[in-house]
Amino acid sequence: MEKKTFEPPVIKKLNAGMPSKFGMTPRIEAIPEIEGHKVKDLLKDHGSPLYVLSENTLRSTYRQAYQAFSTRYPKVQFAWSYKTNYLAAVCNVFHQEGAWAEVVSGFEYHKALKNGVLPQYIIFNGPSKSYEDLKTATEKGSLIHIDHFDELYMLMEVAEETGKKPLVAIRVNMDTGIYPRWDRFGFNYDNGEAWEAINRIMLSEKMELAGLHTHIGTYIMTAQAYRVAASKLADLAVSTERKYGHVIRYIDLGGGFASKNTLKGAYVPGTDTAPSFDDYADAITGALINSAIKPEHLPLLILETGRAMIDDAGYLLGTVIANKRLASGRRALITNVGVNLLFTSFWYEHQIHPAEKVSQHTEDTTIYGPLCMNIDVLRAAVDFPLLKKGDHFVIKRIGAYNMTQWLQFIEYRPNVVMIDTQGTPHIIRRREDLDYMTRQEELPDHLKNFEL
Ligand SMILES: *Cc1c(COP(=O)(O)O)cnc(C)c1O
């Protein structure tokens, strides 16, 4: 008879059927398939772990967001935030839906051009544009959002050298009643710095002040903060028109809408707390419509929504490597998905679902990734059913930032698949291999050989 491995007994509080003040303890539902494809087939065909994106969800989320704003305001334009996910297939889904590109570095700017976005539809944000970047963007006629005075002066030089008037906006930061206040980007509204930047631009006559921009933060859970932000930008637009007779063509409210993920330490799941696109749209368009801006000069409203646009469309699929009991008696699950692939696990309590039906009996579990590093924890403490070695699982809502902030560390990055609207999966980024990993390396001659 086979000898059974010893499992120390654990004493566990039974809470079946007992609601807490927030309702029943959430049951962990299995996710056996995504867009009609069995999780186990996707993993068999494309390897484990695997990122999966739903083109249906990308498009339907975009349309919901667009509808929320365009039904409330006459001129609305979304710009896809490249840093949230700059895989070409993802960007092009949004560009096909009508989104411009929003980029924050020279690399992202050139990626947008390479994706085929016309330069006049690229918004160039970020604190670190080089002289060359500014020159290219000026010559091509992209929208340059100025972050600080040093950049403003550099742009004046560019204007002189190229003999072209850069099309610009200033980025504005401000108190909107929320914490933390992001004051490191742009010019401050409340202390008059933003107004000073506008005056310098208008008086220099070297640039065309096309817009005003703000990005008040990320995962903003109160729509009211946007009402404040939109009113303050509207005030600047009104002052500019009054003093210079110059009409501001667009107001850009940036990104920052919360996705439905749950932040660490939150009592209530994000699905219950995240404002809807309608809530944000009400606040923003209300502030613009009720401002002192003349109706015939109502600016184009630009939104750079990132995480709320894509989080729901992304899934990360993985496989259990082992079960363990820690010395403390706590159950530990070792998986092949680590923080290298799920950077957002530093902020979110990600929802992890078994791919097959499992028993409803759960135990307090720590879920680890495969890295040989203590920080590699996906969930520090979650009531989780027992999964066996080789079982599969699905992590939901991972579309934002994980495919750009991922770390090439210890493991190769896996395939990324997009399931199109007809249900066909396409690989949109190939898994890495040794050749990819070493392609950029150079080995000096004296280090080519060794004897052991
Ligand atoms: C990151 C970023 C965005 C997108 O932010 P989300 O919080 O993901 O919506 C938009 N605009 C700018 C300038 C950004 O830096």
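Residues numbered from 1 in each chain as written. Predicted model: local features only at pLDDT ≥ 70, side-chain atom pairs only at ≥ 80, totals over all residues. Heavy atoms only, no water.

Draft legend 1. A look at the domain arrangement of the protein chain. Here the protein chain is partitioned into domain 1 (33-52 + 312-433) and domain 2 (55-309). Taking both sides of the interface into account, the surface hidden between domain 1 and domain 2 amounts to around 2200 Å²; carbon and sulfur atoms contribute 55%. As a salt-bridge pair, Lys260 and Asp312 come within 3.4 Å of each other at their nearest N and O atoms. Applying the counting criterion to the domain 1 and domain 2 interface returns eleven residue pairs in polar contact (both at pLDDT 80 or more). Secondary-structure elements contributing two or more residues to the side of domain 1 that touches domain 2 are strand S19 (416-419) and strand S20 (425-429). No other element matches S19, which puts three residues into the side of domain 1 that touches domain 2. In terms of residue class, the side of domain 1 that touches domain 2 is built from eleven nonpolar, five polar and seven charged. (Domains from an automatic or database assignment. Buried area = accessible area lost by both parts, 1.4 Å probe. Salt bridge = Lys/Arg side-chain N within 4 Å of Asp/Glu carboxyl O. Polar contact = N/O pair within 3.5 Å; in protein donor to acceptor, adjacent residues only side chain to side chain. Helix = DSSP H or I, 4+ residues; strand = E, 2+ residues; numbered from the N terminus. Nonpolar A, V, L, I, M, F, W, Y, C, P; charged D, E, K, R; others polar.)

Draft legend 2. Seen up close, the pattern of salt bridges. If you walk through the whole model with that rule in mind, you get 24 salt bridges. Between Arg429 and Glu432 there is a salt bridge, with the nearest N and O atoms lying 3.4 Å from each other. Judged by its relative accessible area of 19%, Arg429 is buried. Residue class for Glu432 comes out buried when judged on its relative accessible area of 2%. (Buried < 20%, exposed > 50% of the residue type's maximum accessible area, 1.4 Å probe, protein only.)

Draft legend 3. Seen up close, a nonpolar patch on the surface. A cluster of nonpolar side chains, namely Phe346, Trp347, Met373, Ile375, Leu407, Phe409 and Ile410, defines an oily patch on the protein surface of about 650 Å² accessible area. Along the chain, the position of Trp347 falls in the loop between strand S14 (331-335) and strand S15 (352-354). (Patch = residues over 30% accessible without salt bridge, like charges linked within 9 Å, V, L, I, M, F, W, Y side chains within 5 Å. Areas by Shrake-Rupley, 256 points an atom, 1.4 Å probe, with all protein chains shown as cover.)

Draft legend 4. Spotlight on the packing of aromatic side chains. Taken as a whole, this structure holds 20 aromatic pairs when the rule is applied. Relative to Phe94, the ring of Tyr62 has its centre 6.1 Å away and its plane inclined at 40 degrees; by these criteria the two rings are tilted. You can see Tyr62 sitting in helix H2 (residues 55-70) and its partner Phe94 sitting in helix H3 (residues 88-97), a full 32 residues away along the chain. Neither Tyr62 nor Phe94 differs from the other in exposure class; each is buried. Residue placement shows Lys129 over the ring face of Phe124; its charged tip is 5.8 Å from the ring centre. (Phe/Tyr/Trp six-rings, centres within 6.5 Å; stacked < 30°, edge-to-face > 60°. Lys NZ or Arg CZ within 6 Å of the ring centre and 35° of its normal.)

Draft legend 5. Seen up close, the site of the ligand. Lys83, Thr218, Gly256, Glu304 and Tyr401 are the nearest of the 16 residues found near the ligand. A distance of 2.8 Å is found between an oxygen atom of the ligand and a backbone nitrogen or oxygen belonging to Gly256. Within the side chain of Tyr401, one N or O atom sits 2.5 Å away from an oxygen atom of the ligand. Protein coverage of the free-state accessible area of the ligand, which is 390 Å², stands at 95%. With respect to the pocket detection grid, the ligand is positioned in the second largest pocket. Looking at the shell around the ligand residue by residue, the class counts come to one nonpolar, ten polar and five charged. (Near = heavy atom within 4 Å. 1 Å grid on protein atoms, 1.4 Å probe; cavity = no way out; pocket = protein on both sides within 12 Å on 5 of 7 lines; lining within 4 Å. Sits in = over half its atoms within 2 Å of the grid points.)

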